[in-house]
Amino acid sequence: MALISLQEISLKFSGPLIFDRLNLQLEPGERVALLGRNGAGKTTLMKVMVGELSPDDGSVVLQKGIQAAHLPQEVPLEMQGNVYDIVLSGLGERANLLSRYHQLTHRLHTEHTTELLRQLDSVQAELDHTASWDVNNQVEYVISRMKLDPDSDFQSLSGGQKRRVLLARALVLKPEVLLLDEPTNHLDIDTIDWLEGFLADYQGTIFFVTHDRMFMTHLATRIVELDRGRIFNWACDYKTFLERKQAALDMEESEWSHFDKKLAEEEVWIRQGIRARRVRNEGRVKALERLRQEKSAQRKEEGLVRMRAQKSILSGHKVIKAFQLHFSYGDKCLIRDFTTNIMRQDKIGVIGPNGSGKTTLLRIFLGQLGPQKGKVTLGTNLEIAYYDQLREQLDEEKTVAENVNGSSETIIINGKPKHILGYLQDFLFAPDRSRTKVKVLSGGERNRLFLARLFSKPSNVLVMDEPTNDLDIETLELLEELLLEYTGTLLLVSHDRQFLNNVVTSTIALEGNGAVHEYPGGYDDWLSQRHLVTAPAQPKIKIKKELVKKEKPIVPRKLTFKEQKELGELPLKIEKLEEEQKAFYALFGDLSFYQKSPEEIAKAKARSEELTSELDKANQRWEYLENLSIL
């Protein structure tokens, strides 16, 4: 029996129907990927499924007693509080019941009335009925699994950490159905890998929207596509889906071509005059009217983005030469002794965890930021186009057209004049939308606008910092094709593993503690080669005298029960300390941190030093117990 059933759902805001008598069922244990173009209504569909939005017609039926949790695509701006409280809020009424019980118990110390006792008995009975006594343990468990600090202030977290908190809030309810809207957005590759494994082991039903093709390939057991207001089911993997989808589109195009031919023949016939009005031909006239109505009702596939890069002069053979680069923010070393030569037509991917220094490395390459040690030499005849991660080059108060071409109505593309509205239609901006101010655009529209702006200028060096966020899969694949055909040099920061595999010729990986290495090939090639790179020799940790006295060598023996327990707990303790230390490294890598008060900066650095000391002690103790256990 379906956990959630959408029956004949219709919805319209303006223009064509968003949902046209749509039907969908989610069965127990499925992992269903929802695909669709930007603006097709994927996020709206999820809101309908969880009751945040009501359809104009049709019904949403939930199996009695099931719970569904929703991870939204955007982080709510108004969300306040620490991590623990926000995750706790995911339990809804159960958390409220426990809070109410504690309030009544506290009041009982000062007032002892019959009404108060009655309320307390009622709440206690409800807690028993809903098995809500173990709420705190549930919250702590899921926070630990997400590797979060329960006391951290939500607003101080990075975008990726905030997404983890929201995911923890969804999971703490232990829902039978989990709805995830772009769960990999703003997550680095390590976190995406972790999330894949976590969701692969999840026992409930998962319904998710993603533009990450590798994530979808690894997780989805079924694919559904939202296309022109209707749902199409594909019980197959992603590769098979693409083949079947193309075959279906080819068949649809053939049918419509036949339809258009028949309609044209009937239009010629009706114009022949009086013969068409004879009684024996009235049926044919009515049939023509029906054909016209069908033609009017046709909703053909939306157009594709037609991206093309403008031609430019050739750059010099050597584009960027970097020698023994070193760069740190505060106490955190991002880049240590990195040397590389980037040649014309190289396509370089840059990967690493959030806060590891990927954007910093790009800025050093481009001469926007000087290295603290080492030297960068730029080649000759460089025309650089830069696609920045935060899209800061867009003017919110100007229109789409003005952001691309100023006040001019004509743009020169590869030496030929073209009207700016026609150029923007290649990027799926209708004329009315081209006159809209940027501040009202969606994330996907902003990305398309930025691409339109980027490709309006000739370049022979293309620098792209996270270009794939918010792009639908079809636009993503078209961008891949364009970059493969691009004759200049490409520097690309991306967390999209499939995109890296399909585009880059080599990968620069920022691997922590200043280590930066370059590998031939894409993401999969990096995975297969990274263990071959010899890491700098790490100083051996000496066991302190107070733990092992030199005059008393370790005698083989079994660990005591207390020592066994300690050995089992130490890895989690070390992991928590390392996560806290990583958070400080990310903080120190943010330039805005150094705008805080001297007291705040000193306090953060002092805690970071304490963590280093605590980690040393914990590692030493773990090594001692581990060595003792194997003697």
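The coordinates are above.
Computed from a predicted structure; not experimentally measured.

S.K.: When you look at the sheet that holds strand 17 (residues 461-465) in this model, what are you seeing that I'm missing?
M.R.: By definition, the strands of a sheet pair up through backbone hydrogen bonds, in either a parallel or an antiparallel sense. Spatial ordering of the open sheet is given by 14-17-18-12-19-20, a layout of 6 strands whose pairing is mixed. With partners counted over all chains shown, the strands left at the sheet margins are strand 14 (384-387) and strand 20 (516-520), one partner each. Each strand axis lies, on average, 15 degrees off the axis of its neighbour in the sheet, ignoring direction. Sheet strands touched by helix 16 (residues 473-485): strand 12 (347-351), strand 17 and strand 18 (489-493). Its angle to strand 17, the strand with the most contacts, is close to 150 degrees.

S.K.: Please explain empty space enclosed by the protein as it appears in this structure.
M.R.: Picture a little ball the size of a water molecule; that probe, rolled over the atoms, points out where space is still empty. The full count for this structure, using the stated rule, is 2 cavities of 30 Å³ or more. The calculated volume of the largest cavity comes to roughly 50 Å³. Contributing to the lining of the largest cavity are Leu71, Arg163, Arg164, Leu167, Pro183, Leu187, Trp194 and Leu195. Elements represented by at least two residues in the lining of the largest cavity include exactly helix 6 (159-171) and helix 7 (189-200). With 3 residues, helix 6 is the single largest residue contributor to the lining of the largest cavity. Grouping the amino acids of the lining of the largest cavity by side-chain chemistry returns 6 nonpolar, no polar and 2 charged. In terms of lining residues, the second largest cavity is bounded by Met216, Thr217, Ala220, Ile223, Cys236, Asp237 and Tyr238. Looking at side-chain class alone, the lining of the second largest cavity contains 5 nonpolar, 1 polar and 1 charged residues.

S.K.: Help me out: how do you make sense of the pairing of strand 10 (residues 318-329) in this one?
M.R.: Residues in a regular strand project their side chains so that they alternate between the two faces of the sheet. With 8 bridges connecting them, strand 10 and strand 11 (residues 332-343) associate as antiparallel partners. By the bridge assignment for strand 11, lysine 318 is matched with methionine 343. Counting the residues between successive antiparallel strands, the hairpin from strand 10 to strand 11 contains 2 residues, one of them, glycine 330, with a positive phi of roughly 60 degrees. With 5 bridges joining them, strand 10 and strand 13 (residues 373-378) adopt antiparallel strand pairing. Residue pairing across strands places alanine 322 opposite valine 376, the latter belonging to strand 13.

S.K.: What's the story with the pattern of salt bridges in this structure? I'm lost.
M.R.: If the charged atoms of two oppositely charged side chains come close together, the side chains can form a pair. Enumeration according to the criterion identifies 18 salt bridges in this entry. A salt bridge links arginine 118 to glutamate 115; the nearest nitrogen and oxygen atoms lie 2.7 Å apart. With arginine 118 and glutamate 115 both in helix 4 (residues 114-130), this residue pair falls 3 residues apart, about one helical turn. For arginine 118, a relative accessible area of 48% puts it in the partly exposed group. Using a relative accessible area of 39% as the deciding quantity, one classes glutamate 115 as partly exposed.

Thresholds applied
- Residues numbered from 1 in each chain as written.
- Predicted model: local features only at pLDDT ≥ 70, side-chain atom pairs only at ≥ 80, totals over all residues.
- Heavy atoms only, no water.
- Pairing = 2+ DSSP bridges.
- Helix = DSSP H or I, 4+ residues; strand = E, 2+ residues; numbered from the N terminus.
- Axes fitted to C-alpha atoms, helices over the stretch in contact; angles between N-to-C directions.
- Contact = heavy atoms within 4.5 Å.
- 1 Å grid on protein atoms, 1.4 Å probe; cavity = no way out; pocket = protein on both sides within 12 Å on 5 of 7 lines; lining within 4 Å.
- Points joined across faces, edges and corners; volume = space filled by probe spheres on them.
- Nonpolar A, V, L, I, M, F, W, Y, C, P; charged D, E, K, R; others polar.
- Salt bridge = Lys/Arg side-chain N within 4 Å of Asp/Glu carboxyl O.
- Buried < 20%, exposed > 50% of the residue type's maximum accessible area, 1.4 Å probe, protein only.

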